[in-house]
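# Residue-level structural notes
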Amino acid sequence: MKESDILALSQTIWGEARGEGDDGMTAVAHVVLNRWRSGKWFAGETIEATAKKPWQFSCWNTNDPNWPKIGTMSLDNSELQKCAYFALGAALGYLPDNTDGSTHYYAYDVVAPPNWASEATFVCRINRHEFHKGVN
């Protein structure tokens, strides 16, 4: 694991779940890691590539309001340091996977369920996100 992996994972946590509390930030970290480990079409070769894979995590989409800020954040940014705690804790196995292997989630109060959700297995709801696994 490289520093760029932890940076991208931390940025993704900030962009996707900074307002979701500790459980929500842990969950997003695990979803990125679970995707990476899956080796499926939605995974990249690295944690960074998985987090930044086009159209997978909305904070990396150029039309997302978080995108301009996360791309300039570094690990010495005080806002990002809390996210780095969750990124490292999940990646090193110190924080248990509270999503039971989920590879996908969506904000159920913001968007309609995505197409993939109808065939996926619902795992849990953590704050404003619903987590799923079994996406092919």
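Here's a quick rundown of the structure. (Residues numbered from 1 in each chain as written. Predicted model: local features only at pLDDT ≥ 70, side-chain atom pairs only at ≥ 80, totals over all residues. Heavy atoms only, no water.)

## Here's the deal with the packing of helix 1 (residues 3–17) against helix 2 (residues 21–38)
The condition that has to hold: Every angle, taken between N-to-C directions, lies between 0 and 180 degrees, and every axis is a line fitted to C-alpha atoms, over only the stretch in contact when it is a helix. Secondary structure elements follow DSSP: runs of H or I no shorter than four residues count as helices, runs of E no shorter than two count as strands, and numbering proceeds from the N terminus. Note on angle classes: values under 35 degrees are labelled roughly parallel, values over 145 roughly antiparallel, values of 65 to 115 roughly perpendicular, and the remainder oblique. Take the far helix as the reference: if the near one is turned anticlockwise from it by less than a right angle, the crossing is left-handed, and if turned clockwise, right-handed. Residue contacts follow a heavy-atom distance rule, with two residues in contact if any of their heavy atoms lie within 4.5 Å. Note on residue categories: nonpolar means Ala, Val, Leu, Ile, Met, Phe, Trp, Tyr, Cys or Pro, charged means Asp, Glu, Lys or Arg, and polar means any other residue, Gly included.
One way to put it is that helix 1 packs onto helix 2 with a least axis distance of 9 Å and a crossing angle of 130°. Taken together, the axes of helix 1 and helix 2 are oblique relative to one another. Handedness of the crossing formed by helix 1 with helix 2: right-handed. For the pair helix 1 and helix 2, contact is made by Leu 9, Thr 12, Ile 13, Glu 16 and Ala 17 and by Gly 21, Gly 24, Met 25, Val 28, Ala 29, Val 32 and Leu 33, respectively. Here the residues of the contact of helix 1 with helix 2 sort into 8 nonpolar, 3 polar and 1 charged.

## Some details on the nonpolar core
Put simply, the rule is: Only buried Ala, Val, Leu, Ile, Met, Phe, Trp, Tyr and Cys residues count toward a nonpolar core, and they belong to the same one when joined by side-chain atoms within 4.5 Å. For each residue, the accessible area found with a 1.4 Å probe, counting protein chains only, is set against the maximum for its type, and the residue is called buried under 20%, exposed over 50%, and partly exposed in between.
In this structure, Leu 9, Ile 13 and Phe 131 are the most contacted members of the largest nonpolar core, which totals 31 residues. Those elements giving two or more residues to this core turn out to be helix 1, helix 2, helix 3 (47–51), helix 5 (78–91) and strand 2 (121–126). In terms of residue count, the dominant contributor to this core is helix 2 (7 residues). Apart from the residues within four sequence positions on either side, Leu 9 is in contact with Ala 29, Val 32, Leu 33, Ile 47 and Ala 87.

## A few points about the environment of His 30
When you line up the elements, His 30 lands in helix 2. Here the alpha-carbon distance between His 30 and Gly 134, two residues 104 residues apart in the chain, equals 15 Å. Sequence-distant contacts of His 30, defined by excluding residues within four places in its chain, comprise Ala 90, Leu 95, Pro 96, Asp 97, Asn 98, Thr 99 and Ser 102.

## What about unusual backbone geometry?
At Trp 55, a residue that is not glycine, the phi angle is positive and equals roughly 65°. Within the fold, Trp 55 resides in the loop between helix 3 and helix 4 (67–70). Using a relative accessible area of 63% as the deciding quantity, one classes Trp 55 as exposed. A positive phi angle, near 55°, is found at Asn 127, a position not held by glycine. Structurally, Asn 127 is set in the loop between strand 2 and strand 3 (129–133). Under the relative-accessibility criterion, Asn 127 is labelled partly exposed at 43%.

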